[in-house]
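This is what each chain is made of:
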Amino acid sequence: MKLHLSISRPLDSFLETVFPSQCVGCGGVVDSSSFSSVCEDCSNRFQLIEEPKCLTCGFPFYGEAESRTHCMHCEHLTPEFGQGWSIALFRGPLRELIYALKYKDGFWALRDIRVLAKSATGLEEYIGEASLVPVPLHPRKQRERGYNQSQLLVKELVSLFPRSRQSDLLERSVDTVSQTQFDRKQRIRNLKNAFSLCRNRAIDPAQRYIIVDDVFTTGSTVNACSAVLRRAGARAVDVLTIGHG
Ligand SMILES: [Zn+2]
Ligand SMILES: [Zn+2]
C-alpha cells in the first residue's frame, strides 16, 4: 500500500495521521476527486439522503409514504427525541469510511466524512446553534479502542459548523456486551440504564441538544441517550447520525 503523510491539521494534531492514497471503495488510485480516500467513480456511490425522508430516523422515502413521522426502520421506536437526521445511506464508500474510523484507527476517514457533511443540503441549518452530544463509550471500551469515534465526529462537525458546540454530557455506566448478537427487545433492555448524565454536568432547558452517533441502525442507542437528557430537563433533543443502516 502506498502511503503518504497528510497535511498537519491546525485544530487537532491528534488527528495528524497517515491516509491511504488508495480508494477505500475499489483500491484504485485517488486523483481528481473531492475526497482524499474515495476515487471519483466511487464517490458517485455515496447516497446522500434528501427530501422526502422520515422525520424520526432520516431514511429517504421512495415513492408514496403513509406518514412522514415513521418508516419501516423506526416504526417500533417510541422516540424520546424530536427529529432524526442521517447524512447518507450506510453503504458503499461511507460504510468503508466508518468501518475504518471505528475499527482500524482510520482517523483519515474523518476528512472525507467532513467533505460529505459539507455537501449535505440543509445540514448547517439543522445543526444551527445546537450542543452536539456524542454517544459515549464505556470507559473500558474507550481504553481498548483509544478513542470514541462519535466524539471525533462531533469535533469535526463543530469545526465545520462553528455556531454549534461540543457537549460531552453523557457517560456509559453499564458495560453492555457487544449489541450485535441481541434482538431488538434485548438491546433496548440492555441499553435502558446504560447511559447517564456525567457528574457535575447540568442541562440548560433553553438549549437544543443533538445526540450524534456514527450509524442509525435500530435507533435504540440514540433513543436511550435522548431519554437521559430529557429526564435531566432538556426540552429540545434531536438526533444526527452520519450513516443510516
Ligand atoms: Zn474507487
Ligand atoms: Zn424512520
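Residues numbered from 1 in each chain as written. Chains lettered and ligands numbered in written order. Predicted model: local features only at pLDDT ≥ 70, side-chain atom pairs only at ≥ 80, totals over all residues.

Some words on the sheet that holds strand E8 (residues 208-216)
Backbone hydrogen bonds hold the strands of a sheet together, and the pairing may be parallel or antiparallel.
So, point 1. Strand order in this open sheet of five strands is E3-E9-E8-E4-E5, and the pairing throughout is parallel. Because the sheet does not close on itself, it has two edges, and the strands there are strand E3 (84-89) and strand E5 (165-166).
So, point 2. Bridge analysis of E8 against strand E9 (residues 236-244) gives eight bridges, and the strand direction is parallel. Its bridge partner being in E9, Ile211 is matched across the sheet by Val239.
So, point 3. Helix H8 (residues 220-231) contacts E8 and E9 of the sheet and is inclined by roughly 165° relative to E8. (Pairing = 2+ DSSP bridges. Helix = DSSP H or I, 4+ residues; strand = E, 2+ residues; numbered from the N terminus. Contact = placed C-beta atoms within 7 Å. Axes fitted to C-alpha atoms, helices over the stretch in contact; angles between N-to-C directions.)

Topic: the nonpolar core
So, point 1. Residues Ile210, Ile211, Val212 and Cys225 are the most contacted members of the largest nonpolar core, which totals 60 residues.
So, point 2. Breaking this core down by element, the ones donating at least two residues are E3, helix H2 (92-103), helix H3 (109-118), strand E4 (131-134), helix H6 (149-160), E8, H8 and E9.
So, point 3. Look past the residues within four positions of Cys225 in its chain and what remains in contact with it is Val135, Leu170, Phe195 and Ile211. (Core = buried A, V, L, I, M, F, W, Y, C linked by C-beta atoms within 7 Å. Buried ≥ 20, exposed ≤ 12 C-beta atoms within 10 Å, placed from the backbone.)

Considerations on H3
So, point 1. Residues of H3 that are buried include every one of Ala109, Leu110, Asp112, Ile113, Leu116 and Ala117, and no others. Each buried residue of H3 lies within a common arc of 165° when the element is viewed along its axis, so the set occupies one face.
So, point 2. Packing partners of the buried residues in H3 comprise E3, H2, helix H4 (123-127), H6 and E9. (Arc of directions from axis to C-beta.)

Here we look at the confidence of the model for the chain
So, point 1. In this model, the chain carries an average pLDDT of 89, and 89% of its residues clear a pLDDT of 70 or more.
So, point 2. For residues 1-16, every residue scores under 50 in pLDDT, and the model assigns this stretch 21 contacts once sequence neighbours within four places are set aside. (pLDDT = per-residue confidence, 0-100.)

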